[in-house]
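A closer look at the structure
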There are 2 protein chains.
Amino acid sequence: MLLSNLFSNLAMDKSRDFGAISNLILSGFAVLALALAATIARAQDPLPSWNDGPAKQAIVNFVAKVTKEGSSDFVQPAERVAAFDNDGTLWAEQPMYVQFMFALDRANGLAPQHLEWKDKEPFASLLKGDLKGALAGGERAMEEFVMATHSGMTTEEYERIVKDWIATAKHPRFKRPYTECVYQPMLELLAYLRAKGFKTFIVSGGSIEFMRPWMERVYGIPPEQVVGSSIKTKFEMRDGKPALVRLPEINFIDDKENKPIGINEHIGRRPIAAFGNSDGDRQMLEWTGAGGGARLMMLVHHDDAVREYAYGAESRIGTFSDALMAEAKKNGWPVISMKDDWKTIFPPDKR
Amino acid sequence: MLLSNLFSNLAMDKSRDFGAISNLILSGFAVLALALAATIARAQDPLPSWNDGPAKQAIVNFVAKVTKEGSSDFVQPAERVAAFDNDGTLWAEQPMYVQFMFALDRANGLAPQHLEWKDKEPFASLLKGDLKGALAGGERAMEEFVMATHSGMTTEEYERIVKDWIATAKHPRFKRPYTECVYQPMLELLAYLRAKGFKTFIVSGGSIEFMRPWMERVYGIPPEQVVGSSIKTKFEMRDGKPALVRLPEINFIDDKENKPIGINEHIGRRPIAAFGNSDGDRQMLEWTGAGGGARLMMLVHHDDAVREYAYGAESRIGTFSDALMAEAKKNGWPVISMKDDWKTIFPPDKR
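This section reports on the structure supplied with the text. The structure displayed is predicted, hence computed values, not measured ones.

1. So, the packing of helix α4 (residues 98-110) of chain B against helix α7 (residues 138-148) of chain B
All names here are of chain B. α7 packs onto α4 with a crossing angle of 50° between their chain directions and a minimal axis gap of 9 Å. Comparing the axis directions of α4 and α7 gives the class oblique. Crossing geometry of α4 relative to α7 is assigned as left-handed. Along the contact surface, α4 presents Gln99, Phe100, Ala103, Leu104 and Ala107, while α7 presents Met142, Phe145 and Val146. A class-by-class count of the residues in the contact of α4 with α7 yields seven nonpolar, one polar and no charged.

2. Section: the packing of helix α8 (residues 155-168) of chain B against helix α10 (residues 208-219) of chain B
Residues and elements named next belong to chain B. The contact between α8 and α10 brings their axes to 9 Å, and the two run at 60°. Comparing the axis directions of α8 and α10 gives the class oblique. As for how α8 packs across α10, the hand of that crossing is right-handed. Side by side, α8 and α10 meet where Thr155, Tyr158, Glu159, Val162, Lys163, Trp165 and Ile166 of the first sit next to Glu209, Phe210, Pro213, Trp214 and Arg217 of the second.

3. Re the sheet that holds strand β2 (residues 199-207) of chain A
Residue and element names in this part refer to chain A. In spatial order, the strands read β4-β3-β2-β1-β5-β6-β7; together these seven strands make up an open sheet with mixed pairing. A single partner strand is all that each edge strand has here, and the edge strands are β4 (241-252) and β7 (335-337). Each strand axis lies, on average, 35° off the axis of its neighbour in the sheet, ignoring direction. Here β2 pairs with strand β3 (residues 226-238) via three bridges, running parallel. Within the sheet, the bridge partner assigned to isoleucine 202 lies in β3 and is valine 226. Packing against the sheet, helix α8 (residues 155-168) makes contact with β2, β3 and β4, and its axis sits at approximately 70° to β4. The sheet strands contacting helix α12 (residues 282-289) are β1 (81-84), β2, β5 (273-276) and β6 (296-301), and the helix crosses β5 at an angle near 165°.

Definitions and cut-offs
Residues numbered from 1 in each chain as written. Chains lettered and ligands numbered in written order. Predicted model: local features only at pLDDT ≥ 70, side-chain atom pairs only at ≥ 80, totals over all residues. Heavy atoms only, no water. Axes fitted to C-alpha atoms, helices over the stretch in contact; angles between N-to-C directions. Helix = DSSP H or I, 4+ residues; strand = E, 2+ residues; numbered from the N terminus. Parallel < 35°, antiparallel > 145°, perpendicular 65-115°, else oblique. Left-handed = near helix turned anticlockwise from the far one by under 90°. Contact = heavy atoms within 4.5 Å. Nonpolar A, V, L, I, M, F, W, Y, C, P; charged D, E, K, R; others polar. Pairing = 2+ DSSP bridges.

Now the structure itself:
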């Protein structure tokens, strides 16, 4: 369109002198160049699913600062550690943590061998399909439930069980695999940070062995960069081969004040950026923020009931308390509004 | 010298026909080319401190196999995980684990505040300089001693203490910093594996926070690739800032049957190569060997009393039992003879 305008202008202005024509040609090319530049900029935008706004700006500004050599905020690539919560930050956690859906499916499969579950909470409620009743015991009870239904087998057997389940299970509302209920804007953020020399880590309350089997494929994050909760394992010989057998005993719950502990134990370096979405991430963000130099701490706020979910202080899953919101404001942690900051929520349908 | 021989030969053979002369010139160049090729080969040898022999050959063969695309032994770069023990495998562990020397220095500094140590083993023996008496309690007693003298401060304070100590402390026999009592052939091996797409990990019984402050500089291994023993920490606010405080409570002892557990927890992938030097590494090597595909498990044998130390089954530090030697033979784990396989032990003196 621009080109045809240019030529029709030229055609109408045949009588003008050569200087005017050449000016017109030059200005035509300038318009073209600008249009081209805008197209390239769109194509090169590393965060195309983010609307322009304070959240996107905070990310871009931070990355520019810490990667600019010679700047006082410059951070060596080795120190560019970014920590991401998973549930509610990278993928949907409603109506229930995905790992819990997995545990529920497993519990139903295992129930015939565990008649005692009929009288024991939260098993009894869960087997009746009463999520609310089960949740009455709090997150710790659910964690124990998860652990209890995920022990007894070797680590290799467990990995196979997880891979099989995650390949077929679907989100009850979105009717697509859970691994496609991940947030497209956050996938772009992960890739953008890595392109800028960051190492991206998961620091999740989810169990480490539930996450590793699919995170490399889905997030591009290798197993050694996944920090999470775990149960104890035992080294023993099975059929003449060494095996690690999963014990029904909690080793570590990577949540709240334990997130900085998990970071210290597994990463051994303080992140310079951290992303979360709930009260469980507060200490991770505080720990990240307490280091020297430029820092970026952000919280995903689920305020989009139409495209995903809207929940906050009142929710048992992914509680985002008023106190956390107040702390974010006080500390200048940008809060990401799903509704306003994200153009799309999930990646394009792969089918 | 080759060139001058060539020309003197030419001078003596002036009477010969041109064909003979040109043959001579060609053969002279062939000799030159061979000599040059040998020089280049030496310069390009990634393991110049290793003598030619079965140990070096095993390494080179293994790396060639797993990195050759299209070969049935090919391993994707992401799966090329190599695990290294530290004490006795990468640096000298005699006459005593370095961390223990550190603990001893700290205990002496702290003794005035701990009068109860006078009557408590292994503290009492240690403060009297009686290493042998202290060792009577076994390695676990020493580990507890190490933990006890390394708690109470924040992780940041502890890192500073380690850095200060390691910068000045010297090996009692070699009179050089401990970080220069590392094995030059193993430094070359680490670099060689990384150049071939491997990720190199430490899997040591030493405490993780004693190792991380210097391993990136000395071994090129970043903190997140260091697996080791640890004490528990506690998240708390100190002077209004979040801090992790080290507790006098063991979290994990990364030795023997716990090494595969530590590998699973931190790396989440089974190594395809593992290097150790003692009974403490047996299960790590077994675990590594139990995976499918090409594997390399090797043991450093300290048989060089002249240049380093000679010890084995009888030693409390770095015990290399007859049973381990028998297992190595049975499984085809190459045993590295320090005396025969290593041209040099330590890096050149930096002073």
